[in-house]
Structures are given as C-alpha cells and as structure tokens.
Amino acid sequence: MVSIKINGNLYNVPADYTILKAAEENGIDIPTLCYEEGLTITGACRMCVVEVKGARKLLAACATPVTDGMEVQTESERVVSARRDILRLLIANHDLRCLTCERNGDCRLQDYCYRYQVEDTPYKGAKKEYPIDTDNHFFIRDYSKCIKCGKCVLICAEVNGAHVYDFMERGFDTKVTSAFDDNLQETTCTACGMCVNVCPVGALVEKSVLWQGRPWEVKKVTTTCGYCGVGCQLKLKVKDDRIIGVAAAKSGSNLGHLCAKGQFGWEYVQSNDRLTDPLIKRNGVFEKVSWDEALTYVANRLKAIWQEHGGQAFAGLTSAKCTNEENYLFQKFMRTILKTNNVDHCARL
Amino acid sequence: MKGILVCGGTGCISNNSRLVHDAIEKELSQQGLEAEFELKYTGCHGFCEMGPLVLITPEEEFYCRVKPEDVPNLIDSLKQGKVYEELLYVDPTTKEKIKTRHDVPFYQKQQRLVLKNCGIIDPENIDDYINSGGYKSLHKVLTTMQPEEVIQEIKASGLRGRGGGGFPTGIKWEFARKSTADKKYIICNADEGDPGAFMDRSISEGDPHAVLEGMLIGGYAIGAWEGYIYIRAEYPLAVKRLSIAIEQAEAKGYLGQNILGSDFSFSIKIKQGAGAFVCGEETALMESIQGNRGMPRPRPPYPAVKGLWDRPTNINNVETFANVPVIIGMGSEQYSQIGTEKSKGTKIFALTGKLNNTGLAEVPMGITLREIVFDIGGGISGGKKFKAVQIGGPSGGCLTEEHLDLPIDYDSLLEAGAMMGSGGLVVMDESTCMVELARFFLSFTRHESCGKCTPCREGNTRLLEILQRIVDGKGEKEDLERLQSLGENIIMSSICGLGQTAPNPILSTLKFFRHEYELHVEKKICPAGVCKGMISYKIIEEKCKACGICKKNCPVEAIAGEKKQPHKIDPAKCAQCGVCMEKCPFEAIIRG
Amino acid sequence: MNELLNTEVIFLIGANTTEAHPVTGYRIKQAVRNGRKLIVADPRKIELAKYADIWLRQRPGTDIALINGLAHVILRDDLWDRKFVADRSEGFDEWREIVEQYNPKRVEQITGVKAELLEEAARMFGQAERASIVYAMGITQHISGTQNVLSLANLAILTGNVGKEGAGVYPLRGQNNVQGACDMGGLPNYYPGYQLVESEESREKFAKFWGVELPEKVGLTVTDMMDAAYAGEIKAMYIMGENPVLSDPDANHVIEALKNLDFLVVQDIFMTETAELAEVVLPGASFAEKTGTFTNTERRIQRVRQAISLRGNSKPDSEIIVALANKMGHAWSYPRGPVEIMEEIARCTPSYAGISFDRLETRGIQWPCPSPDHPGTPFLHKDTFTRGKGKFHAVHYMPAAEEPDEEYPLLLTTGRNLYQFHTGSMSRRSKLERMRPEELMMIHPNTAREYKLKDKDYVQVESRRGEVQTKIQVTDHIPPGMVFLTFHYKETPTNRLTINATDPVSNIPELKICGVRIKKIKPSLISK
Ligand SMILES: Cc1cc2nc3c(=O)[nH]c(=O)nc-3n(C[C@H](O)[C@H](O)[C@H](O)COP(=O)(O)O)c2cc1C
Ligand code: SF4
Ligand code: SF4
Ligand code: SF4
Ligand code: FES
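All values derive from a computational prediction rather than experimental measurement. Every chain is numbered independently, its residues counted from 1 as its sequence is written. Labels are handed out in written order, letters beginning with A for the chains and numbers beginning with 1 for the ligands. Reporting of local features is limited, given that this is a predicted model, to residues whose pLDDT is at least 70; pairs of side-chain atoms are given and counted only at 80 or more, and all residues count toward the totals for whole chains, interfaces and linings. The side-chain numbers reported here are obtained from all heavy atoms of the structure, hydrogens and water having been left aside.

Focus on the domain arrangement of chain A
All names here are of chain A.
So, point 1. Note that domain bounds follow an automatic or database assignment of domains. We note that the domain assignment places domain 1 (2-75), domain 2 (124-270) and domain 3 (279-348) within chain A.
So, point 2. The centre of domain 1, based on its C-alpha atoms, is set 28 Å off from the matching centre of domain 2.
So, point 3. In this analysis, two residues are considered to be in contact whenever any of their non-hydrogen atoms come within 4.5 Å of each other. Residue-level contacts link nine residues of domain 1 with ten residues of domain 2.
So, point 4. Both sides of the domain 1 and domain 2 interface together cover about 780 Å² of buried area, and 59% of this is carbon and sulfur.
So, point 5. By the criterion of area lost to domain 2, the three top residues of domain 1 are Leu 33, Glu 36 and Leu 39, representing 63% of everything that side buries.
So, point 6. A carboxyl oxygen of Asp or Glu within 4 Å of a side-chain nitrogen of Lys or Arg is what we treat as a salt bridge. In this structure, the connection of domain 1 to domain 2 is made through two salt bridges.
So, point 7. For Glu 36, the salt bridge is made with Lys 151, and the minimal N-O distance between the two is 3.0 Å.
So, point 8. Polar contact is defined as a pair of N or O atoms within 3.5 Å, subject to the rule that within protein one atom must be able to donate a hydrogen and the other to accept it, and that residues adjacent in sequence are counted only when both atoms are side-chain atoms. Here domain 1 is connected to domain 2 by four residue pairs in polar contact (both at pLDDT 80 or more).
So, point 9. Under this grouping Gly is polar, as are all residues other than the nonpolar Ala, Val, Leu, Ile, Met, Phe, Trp, Tyr, Cys and Pro and the charged Asp, Glu, Lys and Arg. Looking at side-chain class alone, the side of domain 1 that touches domain 2 contains five nonpolar, three polar and one charged residues. Summed over both partners, the accessible area (1.4 Å probe) lost when two parts come together is defined as the buried area.

Next comes the structure, spelled out in structure tokens:
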C-alpha cells in the first residue's frame, strides 16, 4: 500500500494502482475516453490528464502508477484548461450532427463537453470527412465521428484476436480502420460487435438501432445470453416493446465480451415465424385454438393413455434452452403427475 | 610518410570527392609515389560546404573544393614538399589564405573529442581505428572494471544524453543494470530525424567503431548481450560503414562470444527505419523494431524496466555512445573538466542558416552563442544583421541578441525557452519573418505527428492553421491568445516529446517577437516583407483614369471596371504580383 | 473461465472453442498472448491450433490412447504430484498398470501423434505448477465419452491440478442451460441436485416434499426413449423446447419413432421439424420474454429477465406446465412465478439451497451454495472430492462403434460453426444467417482430388442410415479421409447420417464418428 493525496485528501491504495484506479475507488471521477479495463493502456486521448506535484507535464491518470507520497490534482486550473482544449480539438474535427446521432445522450464526448462547458470550438479549419461504410451486415462505420481512441483496435486484437483494425496514415490524417480500409467481410472480422460496444462515440453503430429511438427512450435489460453454455451477460436494448440491439454488460464472467451470436443473433425472438397460439392438428392440419381448449385436449389425451398404459408409457424431453425453474417444473410434472422417470434432455449435444 | 586524406563523407561525396580520390590514386600510381604517400578515404570534417576536402597529414594542410583537375598540380606541390596555395582556405573577412585546418576559424574554437577520428581515419578499416587508440577502452573495461565501476565512471563523467533529453547516461545505465530479466537490450538511436542535423550520420560514417565500442561498454555495464542500431534508411552510407564495422569487429573478436577472452558476449544487429521522425522517440522506436506501427507508448514503464519485447532496455543516442570510449579513455575526472557545472564534455552542433560558415562543429559545453555564430560560423552572410537562432531542431526555441553571451548548456537553454535537442542550430538574419519561421517549423512537426494522442494530432494542425491564417493576412485578434494557450496545453498534455515540444517555436517567437505577430494580425504588415498575404494593392479612385491597362495586364483577372469608371482590385483574387502598379501610367495604384 | 488467464498451461481437447464457445476462446487467446502455454489436441486444424505451442493431431476416437500416453510420460519422467496422489486419490496402482502399457511408440501407432511430440506435450503439462484441461463435445460425444472424461480426470489428479486457482478441468457445455437442466433433474436417473432416483432415501425425501408417490424405476434416456417409442412401448411424449429430429443421431429413426406415438405434444417457440410431427403444439416464450435463471458451464446461476412482452397468446413455459398440471387435476400454484419456483428448488436441492432471486440481482453465484450466506464455490474439490478421494479410473482405448470401411470409406465428424447454433431455429432467423447461409462440408484437398471435387461443388453424403446433400468447402482444416458437417441446417440434416450408438454410462451418442461415402451431384438436387 502507498499513501497518496488526491485533491488534498489522503488515501491508502495498493502500490500497483494507477492514479485513475485510485481515484475511481475513492469516488473521484476522472474523465476517460481511451481507457478500457482489461485492454492495454495506451494513454492516447489525454482526457484523463492530471496535475502531479513535481512533474513538469500533466500526466495521464490512466497510465501513471501511483507512488508513495504522490500529490495529485484532478481538476486544477491547468488540468481543466488542457481538458477543455482536448475537447475543443476533438469536436473541431468531428461530425457534429448530434441532433440525429444515435449516441446523442449516450456519448462520452457530449458528456465531457457538458461537464467542462465546452459549447463550441474556436478551432475552425480542416475536418476529416469520410463516407459512411454500411457494407457489413451488422454495423455502420462512420469515421467522421471517430475520435481515434483506438479501443476498437485493441479489443479486436487483444480480446477477439481478429486484428481487424489499425491506425492508418499519420498525424491529422490518422484514420482507424480495417486494413486497406476494406469492407469487413473481406477481413478476419467475426462479427462479435465488441468494437461497437467499446466505441465511446457514434462512429460504430449497430444497424439495428438506426432511427429506432433515442438512447434515453431505450430500456436496457440485463440478462443472460440464450445461446451457448458460457452464459454471457448482456443487455437487451428495448424500445416500444421491441428488442433493437444488444449492449455489453460487465457483470458476468464474460466481462462485457460477446460473440456474434450474443451480439447480433437475437432477431429470431421477433421473427414472424414465432408460434403465437396453441395448435391442434386435425385431419393433418394445425388449427389455432384457445389455451383452454388446447390444455383440456392435452390433459384428456394424457389421462386416457395413463388409464390404459400407466406411467411407463410416457416420456418427456425437457430443455437445455429453458430456465432452471421450467426444467424443475417439467421433471416434477413427469415424475409426480405422469409418474415416470422417463425424462431427459439433449444434455449431451 | 605523408597521408593524403580525402573526405568521404556524404557531403563531399555528393561534390564528387570519389573522383578526386580516384584521380589522386591514379596520379600516385602513375608517378610511382605509392610508397611516399598513404591515401585514405575518410569520414566527414564537418565543413561540407567547402568540400571536397583534402587533408594532408601530419601537417594538417587543408585543401578546399578540390576538383579532379586540380590533382596533378596538387600532387606536384606535395611531392616537392610545398603548399599548394590555390586550394587553401581563404578567410572571407581578411581574405587571407590559411594553411592548416586548426587555423581555419571554423575549427579554432572547436574541441574535437568525439569527432577526433572523423576525417582522419579510414572508417572501413578497423586497423585504422585500433591504431588510433580504438577498442582500448573496451579492453580496459573488460579486463579491469566491474560493470558497476563502469557505471560509476560514466556517472562521474557527468555525461548526459545527446539525443535531446539530456538525461544523465550513467543513471540510465544504472536503472537498466538494476532491472532483472532473462534478457536485456542495448539500442543505439541513429534515427536522426531533425532536418538539418547530421552529427549522428557523420559519426556513423566517419568513426563507426566508436559507436560499436560505446555500445559494447554499455552492454557490459547493464548486462545485455544483444544490441540494435536503429538507423534511418536514408543513411545508406552510414548503414554500409556500420555493417562493415560490425563484420570487422566480429572477425577481430570485438563482437561475438567471449569478447577478448572475457565471459562477456555481445552481438549487434542493424535495423533500418522507414524515416518517420517520431520513430526516433525511444518507445516508438522499440515498437518499430518489434514490427509494429511506430507510436509512442506511455512511460512509465520506462525502457530500463520494460523496453524492447518487454525486456529491460537501455537506449542511447549515437553521439552519447561515441562519448563513452572517450570517457573511459581519458578518465571521468579529466572529461568532467570540460563543460559547465551540470553539462559536461562537448556537443556537436549542425550550423545552418544565414552564416558564412555552415557545417558540423563540436564545441565544449558552456561556449557562448556569440562564439558559435561569429567565430565558428564566421558571422552573418551578406553583411546582414543577426536576428535570432533557432536551437534544438524544429521543436526547439529561438534565442535572440540578448542571449548571445549565454553560455550554452542543457539547462541554460531550457531556461531561455529553447533546448539542446539533437544540436540543430539555424541562424536567422534580419530578413527572416519570425511568424513565417514558426509556421515553417510547425508544418514539419505537424506532418510528423504520429496521430496517437489528441493534443498533438489535432492541436498542431490547428496551430498551423492559425499561423497560416496570420501569414496570409487573415489573422484574427484572438489568434495570438489561441496560439499561446493551445500551444501550452499541447506541451502539457501530449504523450511524447514530439507533441511536448512542437509548439516551442511558436511560444518562443511569440515571447521574443510578439510585435511581429501583432503587426501581422493587426496591421496586416510583415516587417520582413516575407509574407505574401500581407501586401495588398489598391486603386486610388481619384487618380484612376479608367485606361484599363491594369485590367489588361493582371494575370489573374482580379481587376474589374467599366469604361470611364474607376477600376477596382478584388483582393480575394489578387496574387500580389504587382504588375498593375508597375504598368499604371498615372500612379493610381498603391501597395499597402 | 477467467481462471484460464491465470493458469500456466492449457490443455484443450475435443473443443473448437473459438466457434462453439467463442468467449471462452477469447480467454484462451488472451492467455496465450500473455505468455501462457497452450496444447491443443484435435484432428481438425481449429483456429486455436494456430495459437498452440504444441498441436497434437490425433486420429478421431483415439483420445484415451492419447491421454493415457500423456500420463505415461508424466509418470515415467517423474513429473507427477506424488503428495497429491498419496493424500487425495485412490485406485492409483491399478490404473498405473494400465497406463504403463501406453508407451509413446504404441500411442503413436494408435493416434498417429509422433512420439516426440507427445513427450514434449507431456513434459509441458507435467512441469506446470498450474495447468488446466478444457474439453467439450469432442470428448463426450463418443461411445467411450465417459471413459474419455475419466481419463482426463486421471490426468488432472495425477498432476495435482484439482481444486486450486488456475488449475482444473473445464467441461464446456453446448447449450446455454445444459448445466441447469441437469441440475434440475432433467435426467432419467436423478432428482434435482443429482439426488439418485435409485436411492430410497432420495425417493422418500422427494415423495414427501412433493406429497405424492414416486415411480421407482430409473427412466429412459433420449436414445432409449426413441427406441421404446419405435417399439411401441412409449405411447405419448411431451417435448419442451427441443428438436430431436435435427439434433439427435439417426434422424430417420427418430422420425419413425415419433410418428409411431399415440400422442405427441410439443412446446416450442417455433414450428420445428419435431413440432411438425406433434398433435398439439403449445407456444412457449423465448428467453427475452420470461424471467428465471440459467446455470452456465461454470455452474454460475444467473438471471434471465423479461425484456419484452409475450408474443401473441404465447405463455412462459413454466405457466404452461402449471396450467397443464391443474388440468390434470393437480392444484399447482406459484402465484409469485419463477421467484417462488426457485424458493421451492432451494428447499429440495442442497447445492442451490442458498440461491434466491434477490441474491442474483447484480451477479450470478456458482453452486454449490448451501446457505443464504454462502458466497458460492468457484473451485470444486478444493479440499476434498465430493466422494472423498479422487478415484483413478483404469480406462482402455477402444475403437469407435463404426469406423470407416470399404463401403463407407470416409470418416464423418460433426460439430458447430460460429454463426449458427444447434439446429438453427434461432440463429437462422437472425442476421447471422447471412454469414453462413448454408452447410459447407469440409473436405481435405487430397480427398477432394480423389473424388474429382472442387470447392463449392455439391455432393450427396450417404451412411448406412441415410443420406443428405450439401455444398463442399475444400480445406486443410481437416485431415485427409475425413469430412465435417454441422447440424445447423435442415436442408442438410446431418443427423440422418450419424449413428445412435451411445456411451453405455452417459448414453451420449457417438456423433463425432461414423463412416460415410460421397458422390458428386448437381446443385439442383439440393433445395432450401
Ligand atoms: C519525436 C522525437 C524524436 C526523437 N528523435 C531522436 C533521434 O532521432 N535520435 C535520438 O538519438 N533521439 C531521439 N529522440 C530522443 C529519444 O527518445 C531518446 O530520448 C534518446 O534516444 C535517448 O538517448 P540519450 O539519452 O543518449 O539522449 C527523439 C525524441 C522524440 C520525442
Ligand atoms: S466485430 Fe469483432 S471481429 Fe469484427 S472488427 Fe469488430 S471487434 Fe473485430
Ligand atoms: S471507431 Fe470508435 S472505438 Fe474505434 S477509434 Fe474511433 S472512436 Fe475509438
Ligand atoms: S505527441 Fe504526437 S507524436 Fe507523440 S504520441 Fe502524441 S501524436 Fe504521437
Ligand atoms: S483515458 Fe487516459 S489517456 Fe485516454
């Protein structure tokens, strides 16, 4: 443990902490754009700079380890001045059509501009503009909004291992994109969507949310992915009783990471093929019936067979896709009502 | 036996020194003089503008601008033991002919410690290096010193990094020594990206073994057995001579396993860089060696803890390494006599700009700017007035007349708002516009920003845009304040030295030449008469007779006007060529 | 799964993690990037083989020989954990006798893995302080599946890689709630919490708990059910959320069996191939429309939350079951819904005793969680094994039920791809479909050449049980003589080919190996 002073208050924190972590744990909010837990710390955006006594320059809180006796100011005049300039520089080179941006209201760039009262930028000049890339099935890439935080590059390389993106060109011309600026289908992209989920601005946006609702109108429901046994946590984005997309949830052991299925495989839920009514097959054709009719019919059939053949004539398959509660009830039904242990599921598949 | 040393540095080579060398060789053989003269093709003397240079040893007769045609006469004189007057250096002020190199003003105040072999030995011949005392320091270190003692010696010498930062080399080595790992590395930084600077090139070309020897001693001191020289691909001759040096050193057992019979082993690889300026920054350089995009990484962790391939790494500049054998050779005590209290030894500067003498000069720390400019540099060319120097390369700062007597060292420069940098020194005379100068330097750094961090990537572009606006005569009142505050914020918040220094030329010119900026912005006047955007042409209505001559002559159709109507110049279209004013028969056009 | 980041060596066998369990795949790649060692044993050149320090390309179905071979070298070179074996295991001597027969040369003959490579892998695994074993259906879907798993357990016990952080055996489950379905007693021989049907004590406990008489006889497994239905012994089936027509082996047999029933009721969210055969179809709810819990492959119980309202007149499956129970004359009532059901589960399932919805609000909990104040159990077998001591099981290699022969010369193995899932009823109704809209049977270039096939040609694949048509992909991803199909596509119902030979203990079918033959066909013969 080391002891450090942040904004005049003394804190004891583990020696391997960064200033950012030390501040975070003690309820001091330092703004960040390029920092993402679990990814390499690049210190690129400089939003998190703080003043450290004795240092000639401002230091990036995300990248600087604490040292014993360190004295840190997180909102000093110099710090705020630097942050304001960083924001003004970012918005000077940013497509500012916030009115219709899908991230409007859910955008770190906006949030920090508000926090530091950056209403506009004095730096009017060249602006990088790129056509929006809509070529892949799942998300758009609108690089006129990219702030070059590099998080997409890192998550794709360091978590997925797909290495789709990198920085291209230099200086002001820098662009973060796929090799040769290729359409993602031509790359090693596995459509995991993690880049979309880490993007702090509106540069990478799921196609499914486009024009579907403002972020504050969208409800996010944390739940467990319905596909494989890893059981990733995710948030379903819901607007007007419809799922429109998926956001990362950090509460599970997937740490917010998802694969193509969890991220983009939810549309079946709202498919027109969904069964909406009980059906009884009569003369080889299914007919819609009421629940009462269907259940009475099933109960009667089951009772009749039970009367004639007893429990051993029944078998049931419960489901590895259903909840624990449903599985529990199903086997209870088979065992206590149909009186058979012939219950199994495709566990092994 | 006399030596005839023909300069084979890049500057002289481009002035055809090879032909001179070959002509001498031919002449000697035709005349059967091979036994009397030893002909060598050497490294650079630093006085390239006078090249091709030929030096005669041991007298140090110094011949300038030697052409192949001169060779027969030259050899004839030498044969007779006479001086060949025609090719001697002529002092531009006194018009006197000067016979020996050390009497040439350019060399008089120099102290050639690191460059002592440059121009003297044949860099492609290891024996020449050994005969002039080379590898003695390595021998001494391996046979009589513990690594800790070597570090102690370097610390005591007061040597500071010559690559720009000026960090004490011994302390850096100590950090690397103290890091434990399965492997450590030594890197020699020969990226030399500052435009105009060529000291590292000269050392590598003229005395490559000195660099290797410095690296070897460094490797021994920190416990590394692998080294890299990261050198720009634009330095083919340096690459070639370093490669030859490595081969020869390996053949002689100075590199490889169990060097000089000790249990120290060391190997050196050359890695060529693609020429991005930022790749000279140590962490970007290591990324580049690792095959990644050359972008700086945050420090800490410092290279001494986690450098190349995450192993402890010591990285030094070429000139720094070349100092090491010198220090071990003369001992730290003697070495530390040279220089100022906190900056020891010498520094090589690349003098350019409006000087009579330009070139590479090695001077003791603490020398004054005046001595450099007026003694070594021979004063301002064309008899103009001294205005300022830009010191420390494109991201250094400027110094003015009031600094002429400042003893130059790392700390005095920083204090004055400039920096040592790699040692670029550009001299400006009264005809230089300081705003345009700042714009020029910034256009370089802006272009070289790697694009990783926001302040440098975006900010330098905005600074440049503002400066461009000012020199175009479109500056706004708030612009000076914007330059100042944005510049400061870029310096304060960028990741690496590039961004942290890029605004320096602006801030220091703003500080010392603020009135020039103000004139540009407020009055749209460029006092040096350099900025095109400042000059505007106007037609005085009363005087205009509507003859139409101006309109006819304007090459960009900026002038409009009907018959009998006073004509008008559209300033947006005007290219400021001045033809209209010249042609107007009624002197109705003025420049303002 | 994040423990994989802290292990030294990962031994991955029979799991194509990056496609079937991608997020676990990320962890393995991250571990490798952080300098951890990876040994991959797989006949296919799976993506992780490229990340591996050592890739053992064993012949399909020879896993036990391979694993015994590893154990052999570890014993021989004295790399095993003597103390752990002495203190915590039993059956060592008997097992050792068997393993001694698996010298590297012999293993090479059986598996095709070079003796030197095997030794290298064994040393890498044996020398590690902390090593982990990760496996999936490539290990279990064999007639020797249980034996395969046991031999992996042997390896873990031998090297002391049990019950400590950064070490252990990690089985990866296929579907999201396989673990939960098993935990809840969705098995013919277990009540909830793996309490044996055969045990009188358990039976009495549950009879009392549920307030009814319970049948004594252990039930039938899926494959046995199908046989019994085929034979007319089973008259009625209730199938909830499963599609055995596509997912189970020997599909033609499954269809016949289901058709032979007097009564079939299927509860699902789609009109699946199985539902088509039903007399009554009941519309259930998807995971987005209901509340409850899933238990993942790490035994972590996590919440499922309702995000949207029910589609049409569909109902959550739990409500359907309760309603049906009531129609059958049993007054079941859970007015507070799944919360209340979980309370009942907690009362009868010791490993879930401490679980309640409240506790799962922010994070999941790993069972066993015996009481409401218990934090859950990240590592099983930490101090003792469930059954006291870890038992070495002497297992021998045995050949697959149906190896390729003259008539059916190619070896078919089955699995999944990244963009589709299971029988495709979900993934194929999403944009993922566009990534992989059709089956592509993988075939090695040499084999393709033998059959004069080019990439994207169409073939008919035939086994003793049926035939399917598919497009092909020529790739060295799989070895010569082998072909690979998924079971995602109803146009190519792969399980018409597979064999329903099952592991005698687990009853898991041998989906990974059977013999097939192929012939080229025109594209028009395949329809979507
Ligand atoms: C943008 C930038 C460019 C640099 N270029 C060079 C260079 O070309 N050569 C060099 O030796 N050091 C260069 N440096 C300094 C190196 O980062 C490093 O400090 C130096 O190599 C250390 O050696 P020294 O201690 O011997 O000076 C550069 C630094 C920055 C920020
Ligand atoms: S979707 Fe996933 S794989 Fe594709 S570019 Fe984004 S992070 Fe990389
Ligand atoms: S696309 Fe988004 S995540 Fe990627 S660099 Fe740009 S802003 Fe950052
Ligand atoms: S300061 Fe400039 S060169 Fe250095 S990291 Fe930032 S963008 Fe790159
Ligand atoms: S968050 Fe620290 S530099 Fe970006």
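Concerning the sheet that holds strand β13 (residues 386-391) of chain B
All names here are of chain B.
So, point 1. The pairing criterion for strands is at least two bridges between them, as found by DSSP. The numbering of helices and of strands both runs from the N terminus, where a helix is a DSSP run of H or I of at least 4 residues and a strand a run of E of at least 2. Taking strand neighbours across the sheet as the criterion, the five strands line up as β12-β11-β15-β13-β14 in an open arrangement whose pairing is mixed. Looking at the sheet topology across the chains shown, the edges are occupied by β12 (359-364) and β14 (397-400). Taking each pair of neighbouring strands and ignoring which way they run, the sheet shows an average axis angle of 30°.
So, point 2. Judged from the four bridges that link them, β13 and β14 form a sheet pairing that is antiparallel. Looking at the pairing, Gln 390 lines up with Cys 398 of β14.
So, point 3. Only the stretch in contact is used when a helix axis is fitted, and all axes are lines through C-alpha atoms; the angle between N-to-C directions ranges over 0 to 180 degrees. Sheet contacts for helix α9 (residues 199-206): β11 (346-353), β12 and β15 (424-429); angle to β11, the most-contacted strand, approximately 115°.

Re helix α12 (residues 200-210) of chain C
So, point 1. A 1.4 Å probe rolled over the protein chains alone gives each residue an accessible area, and that area as a share of the maximum for its type sets the label: buried under 20%, exposed over 50%, partly exposed in between. Every buried residue of α12 of chain C is listed here: Ser 202, Arg 203, Phe 206, Ala 207 and Trp 210 of chain C. The buried residues of α12 of chain C occupy an angular sector of 130° when the element is viewed end-on, so they sit on one face. Those residues of α12 of chain C that are exposed and angled more than 90 degrees off the buried face are Glu 200, Glu 201, Glu 204 and Lys 208 of chain C.
So, point 2. Lining the buried residues of α12 of chain C we find α8 (324-337) of chain A together with β7 (190-191), β8 (195-196) and α17 (338-348) of chain C.
So, point 3. Backbone geometry just after α12 of chain C places Gly 211 of chain C at a positive phi near 75°. Taking the helix axis as origin, the arc is that swept by the directions to the C-beta atoms.

Regarding the site of ligand 4
So, point 1. Summary of the distance rule: residues count as near a molecule or strand when at least one heavy atom falls within 4 Å of that molecule or strand. Taken together, 13 residues lie near ligand 4, and Cys 450, Cys 453, Cys 456, Cys 496 and Gly 499 of chain B sit nearest.
So, point 2. Grouping the amino acids of the shell around ligand 4 by side-chain chemistry returns eight nonpolar, four polar and one charged.

Some thoughts on the arrangement of the chains
So, point 1. By number of contacts, the leading pair among the two pairs of chains in contact is chains A and C.
So, point 2. Over all C-alpha pairs, chain B and chain C never come within contact, reaching a minimum spacing of 12 Å.

Some remarks on unusual backbone geometry
So, point 1. Cis geometry is adopted by the peptide bond preceding Pro 58 of chain B, which originates at Thr 57 of chain B and carries an omega value of 0°.
So, point 2. If you trace the backbone, Pro 58 of chain B turns up in the loop between β3 (54-57) and β4 (61-63).
So, point 3. Cis geometry is found at the peptide bond from Pro 300 of chain B to Pro 301 of chain B, where omega equals 0°.
So, point 4. Looking at the secondary structure, you find Pro 301 of chain B in the loop between α12 (282-289) and β10 (313-317).
So, point 5. Positive phi, normally seen in glycine, also occurs at Leu 255 of chain A, with a value near 55°.
So, point 6. Note that Leu 255 of chain A resides in the loop between β12 (242-248) and α6 (260-264).
So, point 7. For Lys 452 of chain C, which is not glycine, the phi dihedral falls at a positive 55°.
So, point 8. Looking at where Lys 452 of chain C falls in the secondary structure, it is placed in the loop between α18 (445-450) and β18 (458-462).

Observations concerning the nonpolar core
So, point 1. Within the largest apolar cluster, 101 residues are counted, with the highest numbers of intra-cluster contacts made by Phe 139, Tyr 165, Leu 204 and Leu 236 of chain A.
So, point 2. Top contributing element to this core by residue count: helix α4 (residues 151-160) of chain A, with six residues.
So, point 3. Apart from residues lying up to four places away in sequence, Tyr 165 of chain A is in contact with Phe 139, Arg 141, Tyr 143, Cys 152, Val 153, Cys 156, Thr 177, Ser 178, Leu 184, Cys 195 and Leu 204 of chain A.
So, point 4. Nonpolar cores are built from buried Ala, Val, Leu, Ile, Met, Phe, Trp, Tyr and Cys residues. Side-chain atoms within 4.5 Å join them into one set. Of all hydrophobic cores here, the second largest spans 65 residues; its members include Ile 154, Ala 197, Ala 210 and Ile 327 of chain B.

Describing the sheet that holds strand β12 (residues 292-295) of chain C
So, point 1. Reading across the sheet, the three strands line up as β12-β13-β14 (chain C) and stay open at both edges, with antiparallel pairing between neighbours. The open sheet has two free edges, formed respectively by β12 and β14 (365-366) of chain C, since each of these has just one partner strand.
So, point 2. With respect to the sheet, α8 of chain A is in contact with β12 and β13 (300-304) of chain C, its orientation differing from that of β12 of chain C by roughly 90°.

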